[in-house]
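Reading the structure
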Amino acid sequence: MALDASAPWEDPEAKPVIHFQNVTKRFGDFTAIDDLTIDIYEKEFFALLGPSGCGKTTLMRMLAGFETPTEGTILLQGENIAPVPPNKRAVNMMFQSYALFPHLSIWENIAFGLKRDGMSKHDINERVDEMLRLTRLEQFARRKPHQISGGQRQRVALARSLAKHPKLLLLDEPLGALDKKLRQETQFELMDIQEKTDTTFVIVTHDQEEAMTVASRVAVMDHGKIIQVATPDAIYETPNSTYVADFIGDVNLIEGKAAGQDGDKLKITWAEGQPDIIGTPTTEFSNGQTVHFAIRPEKVSITAEKPEKANCLQGKILDIAYLGNISTYHVELAGGKVIKAQTANNRRLSRRSFTWEDDVWLSFTDTAGVLLER
Amino acid sequence: MKRFSWFNATSLTLGFAFLYMPMVILVIYSFNSSKLVTVWAGFSTKWYGELLQNDAFLDAAWVTIKVAVTSSTFATVLGTMAAIVLVRAGRFYGRTLFSGMIYAPLVMPEVITGLSLLLLFIGIGLDRGVLTIVLAHTTFSMCYVSVVVSSRLVSFDQSLEEAALDLGCSPFQAFRLVTLPIIAPAVISGWLLAFTLSLDDLVIAAFTAGPSATTLPMKIWSSVRLGVSPEINALSTIMIAIVATGVIAASLISKRSAVRQRAEEQAAERVEA
């Protein structure tokens, strides 16, 4: 996404399309959404990411109007939408099951919402044809939903929900039912369609790769709370907690104690007999405070000789996961801690430098990792 | 494939003989030219012709059809509404009591249903006739409709209705344009069930009918008490034919559409674009 060209969340003047103010939703004793405040801006592709049961679907259903908040307000373009029923909202939703009407043809499915608006026949025809072209479904217009494939059904569901020009399109796990290859293709198609239609998209997913690919901003949720909202690169490079670091991608987590600041560097004591880790904190740590040091496997180098770097740790290769383009080495340090290091396989496998049981050096710079309080 | 053993073949024959022998005999004797029911005197269709001349039977048939069509229609509307409430409304105060009360008439002895309705009609001073039979049949057949429809609604994907609301339907429009067309086969078979139940009910009709209205089963019952006539056999054969045709047609239609749908789904997956 055009991250640099437009980042309305950084502009204090920008008005959000959606504004959640201290929204809480309870089902009996269960709190699905817990005092949540968030802004979503125009033309954003906003991803709600989290494990199942984290409240992301409830959040979306409140936007669609199928649930009402127990406390707090939701504003759509400055207007409180709590009293507006789903059929009167300028919000459309693409359902996880697609929810295509089985008794209607593809054409009638797409036209369904337009007919409810009392549009003229001519305008409906034009709009449906436009949506069919956008989703490349022209030749299937007369078929029934059960006569087309899963990928085509997904596109019908998208076309139907976009037909009414919603201010906001909600996508509930839109690609969950597709196989991996089709899913990746469809992700790019979704981004393309979002740009073409200039609609604000809010997508719910539990697939972090999908969220990272399509979204302009990602909100990581857990237990009804938003843990972090940021652009995909910021979420990946500067997670604000071990939860986010662990949820997005692969990470090595080392727990230690702050042992003295030296300029902008912090020493972390973490295990008996191991050298201190030197990192660059972004927040204040007092001496003796617990620090979680998080470092991505691809930022850890693996070499035979001890290199000249701020942090060097010696260990033995325990396991090698060969993934084709990359290899992940599991290296056991003295004391039993296992660290993952990743290298790109830019040479042929036969010329690989290391194998099982080799003694190796792991190294990383003093800016490669993130220091987290929790 | 396992061979058909003698034991299997014998049990099958005995079972079917037990089920269908009486009906087969009735059908055969309806083509008997003799006036005496138990003596075979050659093939003839004259009793069918005489049946068409018998005004008492024709009147009763007309009453029966009127009652069956109206009562099954009312029962379908009420039963469908009850099914929707039971399946959709989730937990509300008194839900278990409500669902228990809907299904109770299924196991209630017909004599008791008939008697209590009779007492009610006398109590409120309603003259017994076609109207009272319709009301009574609606009462006892709506629970069958609600069983059939609610079993369909349980497997109904509720996001279809949500999608309809999301696309601008009022709740009633969503029901009319999406839910009803999809559950229509269940509603229709509920109607057919109510229709056949009303068609062959004797006990409840006997309690709630007045001198002005006699249904066909009541007419058959009262004439048989004066002796079985070949005309009755002919009439019963016609009723068997109507019911059998309806049942076979309904099952063929539903089976064929299921087979076609599966074939089309498989074809669609094969040409995955």
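Residues numbered from 1 in each chain as written. Chains lettered and ligands numbered in written order. Predicted model: local features only at pLDDT ≥ 70, side-chain atom pairs only at ≥ 80, totals over all residues.

Looking at an unreviewed UniProt entry, one finds chain B named Putrescine transport system permease protein, with Shimia gijangensis as its source organism. Checking UniProt for chain B, the heading Sequence similarities (unreviewed entry) contains the comment "Belongs to the binding-protein-dependent transport system permease family. CysTW subfamily." Note on chain B: under the UniProt heading Subcellular location (unreviewed entry), the record states "Cell membrane". (UniProt positions renumbered as here; feature names shortened; annotations may be inferred.)

Per an unreviewed UniProt entry, chain A is named Spermidine/putrescine import ATP-binding protein PotA, and its organism is Shimia gijangensis. A UniProt comment under Function (unreviewed entry) is attached to chain A, and it reads "Part of the ABC transporter complex PotABCD involved in spermidine/putrescine import. Responsible for energy coupling to the transport system." For the record of chain A, the UniProt heading Subunit (unreviewed entry) holds the text "The complex is composed of two ATP-binding proteins (PotA), two transmembrane proteins (PotB and PotC) and a solute-binding protein (PotD)."

Section: the environment of Trp191 of chain B
Residues and elements named next belong to chain B. For Trp191, the position within the fold is in helix 8 (residues 171–199). On a C-alpha basis, the gap between Trp191 and Val148 in space is 9.6 Å, while along the polypeptide they are 43 residues apart. Apart from the residues within four sequence positions on either side, Trp191 is in contact with Ser72 and Thr76. (Helix = DSSP H or I, 4+ residues; strand = E, 2+ residues; numbered from the N terminus. Contact = placed C-beta atoms within 7 Å.)

Here we look at the packing of helix 4 (residues 95–107) of chain B against helix 6 (residues 130–154) of chain B
Residues and elements named next belong to chain B. It is the contact of helix 4 with helix 6, at a shortest axis distance of 8 Å, that shows an interaxial angle of 115°. Judged on the interaxial angle alone, helix 6 and helix 4 are roughly perpendicular. Helix 6 is crossed by helix 4, and the crossing has left-handed handedness. Taking contact as the criterion, the partners of Ile102, Tyr103, Pro105 and Leu106 in helix 4 are, on helix 6, Phe140, Cys143, Ser146 and Val147. Per-class residue counts for the contact of helix 4 with helix 6 are seven nonpolar, one polar and no charged. (Axes fitted to C-alpha atoms, helices over the stretch in contact; angles between N-to-C directions. Parallel < 35°, antiparallel > 145°, perpendicular 65-115°, else oblique. Left-handed = near helix turned anticlockwise from the far one by under 90°. Nonpolar A, V, L, I, M, F, W, Y, C, P; charged D, E, K, R; others polar.)

Structural notes on the UniProt feature "transmembrane region" (unreviewed entry) in chain B
All names here are of chain B. The positions UniProt marks with the feature "transmembrane region" (unreviewed entry) are residues 12–31, 67–89, 101–124, 130–154, 174–194 and 232–253. A distance of 28 Å separates the end C-alpha atoms of residues 12–31, which is 95% helix and 0% strand. Within the segment residues 67–89, helix and strand shares are 96% and 0% respectively, and the terminal C-alpha atoms sit 32 Å apart.

Quick word on the nonpolar core
Residue and element names in this part refer to chain A. Counting residues in each nonpolar core, the largest one holds 101 residues, and the members touching the most others are Ala47, Leu63, Ile110, Leu170 and Val202. Here this core gets six residues from one element, more than from any other, and that element is helix 2 (residues 106–116). Taken together, domain 1 (8–246) and domain 2 (250–372) each give at least three residues to this core, which thus spans both. Discounting chain neighbours no more than four positions away, the residues touching Ala47 are Ile203, Thr205, Ala211, Val214, Ala215, Val218 and Ala219. (Core = buried A, V, L, I, M, F, W, Y, C linked by C-beta atoms within 7 Å. Buried ≥ 20, exposed ≤ 12 C-beta atoms within 10 Å, placed from the backbone. Domains from an automatic or database assignment.)

Remarks on the interface of chain A and chain B
Residue-level contacts link 23 residues of chain A with 22 residues of chain B. At the level of secondary structure, the elements contributing two or more residues to the side of chain A that touches chain B comprise strand 6 (91–94), helix 2 and helix 4 (150–162) of chain A. For the side of chain A that touches chain B, the element with the highest residue contribution is helix 2 of chain A, accounting for three residues. Per-class residue counts for the side of chain A that touches chain B are 10 nonpolar, 10 polar and three charged.

Notes on the domain arrangement of chain A
What the domain assignment lists for chain A is domain 1 (8–246) and domain 2 (250–372). Taking only C-alpha atoms, the centre of domain 1 of chain A and the centre of domain 2 of chain A are 39 Å apart.

Re the UniProt feature "domain: ABC transporter" (unreviewed entry) in chain A
Following the UniProt record, one finds the feature "domain: ABC transporter" (unreviewed entry) at residues 18–248 of chain A. Between the C-alpha atoms that bound residues 18–248 of chain A the distance is 25 Å, and the span itself is 36% helix and 26% strand.

Examining the sheet that holds strand 17 (residues 326–333) of chain A
Residues and elements named next belong to chain A. Pairing is antiparallel across the open sheet formed by five strands, whose spatial order is 15-19-16-17-18. Bordering the open sheet on either side are strand 15 (301–303) and strand 18 (338–344), each of which pairs with just one other strand. The mean angle between the axes of side-by-side strands here comes to 45°, regardless of whether they run parallel or antiparallel. (Pairing = 2+ DSSP bridges.)

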